[in-house]
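Architecture at a glance
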Amino acid sequence: MSHTYTHTHTHTHTHTHTLTHMPTRTHTPSPVRTMAARNTVSLLVGLLVLFPTWGVMAKVEMNMEGRVEVLKGEAAPITCMFTLSEGVGDVIIEWFYVTKRGWQSIVKQEPGKMVVAKGTQFTDRVSVNGTGATGVNVMTINDVQPDDEVEFICSITDLVEGSANGSTKLKVFAEPDYPTIEGVTTGFSINEDSLSKIGACEVKNGFPKPNINWYRNNAPMHPAPDVLKVVPSSTLDTNGLFHVRSELYMKVVKEDKDAKFYCEIKYFVPGGLEMTETSSINITVYYPATEVNIWVESPKGIIREGDSVELQCRDNGNKPSSILTFYHKEEEYTSENNALVLHNVTRLNSGFYKCISMDTDTYDNISSKDAIVFVNYLDAAVVVPEGDVVLNKGGELTATCNALSSVSTQTVWMKFGEVVSSNHSLILENVTYDSAGTYLCSVTVDIEGMQTTRTLEVKVQGPPQIMKPDHTEMEESAETTVNLSCNVRGFPIPTVIWTTADGKILKGRSDIKGEGEVLSVVSIQVTSDITAFCNASNTFGTDSLAFNIKAIVHTTTPATTTTTTPAKEGTGVVIAVVIICILLLAVLGSVLYFLYKKGKICGRSGKQDLTKEKSGKDNIVVEMKNDNTEEAVLLGVNGEKQPPRNQ
C-alpha cells in the first residue's frame, strides 16, 4: 500500500535593509574588503566636505527572500533587490556564502566587469543576471547538492549612499528511494520472555533525513517498556544523502497471528511534507491449544460394514511441538496429517472416539469431546429349516427366514422371480408337484446396498404322474417316423420305459427337466397300426399312458397314354421336309464345287461376263452383279446358263 500527502509551508521571508553610509552587519573582512572600506570612507568624507549643504541622509534599501527551497540537482536562483534614495546608479554588487571561518566571496560585479572567485564549491556552477542599474541582481547556483545548503549574502555598495547587506538561506531536498521491509521468517512463541525482533524497514537516498514509523493494522505503534521497542539508525552516505533503518522488537501475543505490520516514511520536499508506505508483512505465532475438536470427515451420513471411515482432529493451537493422538476403547491410534483412516470397518469399530493434543514442551494434554462412529451391519440370511426339504404330496411346510442387523429388516420369498410371501415366514399347505422347486429368501434394510439372500429347495415326493398331452390318438402315413413325448412328474424321479402292445420295449431318451420332472421321447417307424405305452414308475407307484397310431396306406394308379394318328403323321411330314432340305443343300454344294473346279465361275480379281450364243430373239439375258467383286452370271429365260459375251 502507498499513501502520499503534502504539507505545504511558505518559507519566503522579505528582509529590508536601510543603511546609512556604513554596513550594519559586522563580520571578519578580508584584506580586499578592508581596502575597499577605507577607500569608501575617504570618498564619503570628501563628499561631505564638498556638499556641506546636503540636508538629506543618503540610504540603500534591500529586499531578499529569507529562504529558497530546491530539489537536489535543480538550479537555485537567489534574488537580491535594492533601491537607492538618489536613484539606482553604478554600484558594486558582491555575493558571499557563510562558513565557519566567515564570509567567503563567490562573485563580485563592478560597473563593466564581473569576477568569479576561484576555488569555491560554486566556482563552476554560479551565474549572475542583472546589474546595479536595474536594482535586481540574481545569482543562480546550478546542479544544487546537499552540501550547498548554506546562507548566501548579497552586499550592495554605493560610493555616495553607502552600502547594505541582505541574506537568503538555501534549503536542499532529495526524495528518497522506495522503502523496503523485511520480516523475520521464523515463528514466534507467545511464551518467550524477551522481546522478539519482528522486522526491519529501510529507506535510502533521502535529504534531509527521512523519518520511519511502524504500524500494526493501520494503527501507529509506540514504544513501551518490556512490550515494544524501536531501534532507529541512520548513516550519511558519500553522496551526501541519508540511509535510514528502523528495527521493531516486541513481545508477541496470540492476536498477532493475523496482524499486518508495515512502515510509514515521512520526508520533506520543497514547500511541504510527503509520506509513503512499505508493503505489509505478517508473522507466524506459535501458541498452545485451548480446545480440540474431532469429527467424521467421510462418509457423510450412514456408515456400513466394509466402508472406509476418515476422522479428522484439529486443535486451536499453533505449536509445532503439539501432537494429536486418537483413542478408541483405550486403544491408541497415531494420526497422519491430523487424520485417522479406518479401512473395511466392521461393527467392532463402532463406538466413541476422542482426540488428545499434547504439547511436548510442557506435556500439557487437552482432550476433545467424543465423536460417535456407528457401523451398520446386516448378517447373512438364515433359513429354517436348513438344506433341502422333502414333503409328501398333500403335506404342508412352514419355513422362516431372517438376518441379524443393526436396523429393522424386511423379508420376501420368491419363486421363479415372483413374490410368494412378503414376510419372514413361508407357508405351504396341501402341497402338489407344482409346489416343488427353489424358493429365494431376500432380506433387506432401509439402507442402500445392504441385502442378503438364501435359498430353500422343496421337493414333493409321491407316485409318478404323467401329464397327458392334448392328443394321444393320431393318424400317420405309413413308412414315416413319429416322435412321441411323455412328461412325468414325481419324486423320487420316475423311471420311464416305452413299450408296445405286444410287450416289445422301445428305445427312448429321458431328460430331467427340473426337480421331480422328466421328459422322455421315443421315435417310432410307422409300418402299420401301433399302440405305444409310456410307463413311469418310482418307489411310490406307477403310471401309464397309451398312444394309438393309425397307419394310412396310399395306393398309386398307373398313368395311361393316349396316341392319336394325326399327331404321328404330322411328325413324319416334318421329318421328311427336313431330310429333303438337307439333300438339296448337298446337291447345290456339289454343283458349285464342280463349276469352281472347271473355271466356270469368275475369280475374285475382276469382272467377267458369261455369254451364250443367241438361240433366238426371245432369249433374254440377265446380268447379275455383285457389288463387291463385280462378278456376273448370265442366265437365260429358261434358266439355261449363257456363255460369256463381250461387253
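To start, this report covers the structure provided alongside it. The numbers attached to residues start from 1 for each chain and follow its sequence in the written order. This being a predicted model, a pLDDT of at least 70 is required before a residue's local features are given, and a value of 80 or more before pairs of side-chain atoms are given or counted; all residues contribute to the totals for chains, interfaces and linings. Computation of side-chain values: all heavy atoms of the structure, hydrogens and water removed.

Regarding the overall build of the chain
Across its full length, the chain holds two helices and 49 strands. When a residue's accessible area, from a 1.4 Å probe over protein chains only, is under 20% of the maximum for its type it is buried; when over 50% it is exposed; and in between it is partly exposed. Counting across all 647 residues of the chain, residues that qualify as buried make up 35%. In what follows, residue pairs with any heavy atoms lying within 4.5 Å of each other are defined as contacts. Contacts in the chain between residues far apart in sequence, at least 24 positions, make up 63% of those at least 6 positions apart. When the accessible area of the chain is evaluated, it comes to approximately 38500 Å², of which 53% is carbon and sulfur surface. Helix and strand definitions follow DSSP, with helices as H or I runs of at least four residues and strands as E runs of at least two, each counted in order from the N terminus. All accessibility values rest on the Shrake-Rupley procedure with a 1.4 Å probe; residue burial counts only the protein chains present in the view.

Details of a nonpolar patch on the surface
Patch membership requires more than 30% relative accessible area and the absence of a salt bridge. Residues of like charge join within 9 Å; the nonpolar side chains Val, Leu, Ile, Met, Phe, Trp and Tyr join within 5 Å. The term salt bridge refers to a pairing of a side-chain nitrogen on Lys or Arg with a carboxyl oxygen on Asp or Glu at a separation within 4 Å. A cluster of nonpolar side chains, namely Phe352, Ile372 and Phe374, defines an oily patch on the protein surface of about 350 Å² accessible area. Note that Phe374 resides in the loop between β30 (371–373) and β31 (375–376). A residue is classified by how much of its surface remains accessible, and Phe374, at 47% relative accessible area, is partly exposed.

Quick look at the packing of aromatic side chains
Each Phe, Tyr or Trp ring (for Trp, its six-membered ring) is paired with any other whose centre lies within 6.5 Å, and the angle between the two planes then decides the class: stacked below 30 degrees, edge-to-face above 60, tilted in between. As enumerated under the stated definition, the model contains six aromatic pairs in all. Seen from their ring centres, Tyr97 and Phe122 are 5.1 Å apart, and the 75° between their planes marks the pair as edge-to-face. With Tyr97 in strand β5 (residues 92–99) and Phe122 in the loop between β7 (113–116) and β8 (126–129), this pair connects stretches of sequence that are 25 residues apart. An identical accessibility class is assigned to Tyr97 and Phe122; each is buried. Taking 5.8 Å as the distance between ring centres and 15° as the angle between the ring planes, the aromatic pair formed by Phe207 and Phe242 counts as stacked. Residue Phe207 is found in the loop between β14 (196–206) and β15 (211–216), and its partner Phe242 is found in strand β18 (residues 242–250); the two are separated by 35 residues along the sequence.

Thoughts on the pairing of β14
In the sheet, strand β12 (residues 180–183) pairs with β14 via four bridges, with the strands oriented antiparallel. Bridge pairing in β14 places Thr180 opposite Glu202. By the bridge criterion, eight bridges tie β14 to β18 in an arrangement that is antiparallel. Bridging across to β18, Gly199 finds its partner in Leu248. Any two strands are treated as partners once DSSP identifies two or more bridges connecting them.

Points about unusual backbone geometry
Geometrically, the link from Phe207 to Pro208 is a cis peptide bond, its omega value of -10° lying close to zero. Across the junction of Phe491 and Pro492, the peptide omega takes the value 0°, indicating a cis bond. Along the chain, Pro492 turns up in the loop between β41 (481–491) and β42 (495–500). Even without a glycine there, the phi angle at Asp143 is positive, about 50°. With relative accessibility at 40%, the residue Asp143 sits in the partly exposed group. Phi angles above zero are rare outside glycine, and Phe416 is one such case at about 55°.

Thoughts on the environment of Tyr333
One can find Tyr333 in strand β26 (residues 331–334). You can call Tyr333 buried: its relative accessible area is 18%. Distance in space between the C-alpha atoms of Tyr333 and Cys355 is 9.4 Å, their sequence separation being 22 residues. With residues up to four places along the chain from it excluded, the contact list for Tyr333 reads Thr325, Phe326, His328 and Leu340. N or O atoms within 3.5 Å of each other form a polar contact, as long as, within protein, one can give a hydrogen and the other can take it, and as long as residues adjacent in sequence are counted only when both atoms are side-chain atoms. Here the side chain of Tyr333 touches Glu331 through a polar contact of 3.2 Å, side chain to side chain.

A closer look at the pairing of β15
Bridging between β15 and strand β19 (residues 261–269) involves six bridges; their strand directions are antiparallel. If you follow Asn211 over to β19, its bridge partner there is Lys266. When β15 meets strand β16 (residues 219–220), the two strands line up antiparallel, connected through two bridges. Following the sheet pairing, Tyr215 is matched in β16 by Pro220.

Some points on the sheet that holds strand β32 (residues 382–384)
Ordered in space as β32-β34-β37, the three strands form an open sheet in which the pairing is antiparallel. What marks the edges here is a single partner per strand, and that holds for β32 and β37 (425–428). If you compare each strand with its neighbour and ignore which way they point, the axes differ by 15° on average. Two elements, β32 and strand β34 (residues 397–402), share three bridges in a ladder whose sense is antiparallel. Each bridged residue has a counterpart across the sheet, and for Val383 the counterpart in β34 is Cys401. Structural elements are reduced to axes, namely lines fitted to C-alpha atoms, with helices fitted over the stretch in contact, and the angle between N-to-C directions of any two is expressed from 0 to 180 degrees.

Things to note about the state of the cysteines
Any two cysteine sulfur atoms within 2.5 Å of one another count as a disulfide. Summed over the entire model, instances satisfying the criterion amount to five disulfides. One disulfide in the model links Cys201 with Cys263; its S-S distance is 1.9 Å. Judged by the torsion about the S-S bond (90°), the Cys201/Cys263 disulfide is right-handed. Here Cys201 is found in strand β14, whereas its partner Cys263 is found in strand β19, with 62 residues between them in sequence. Residues Cys201 and Cys263 agree in their burial class; the two are buried.

Keep in mind these numbers describe shape, not what the thing actually does.
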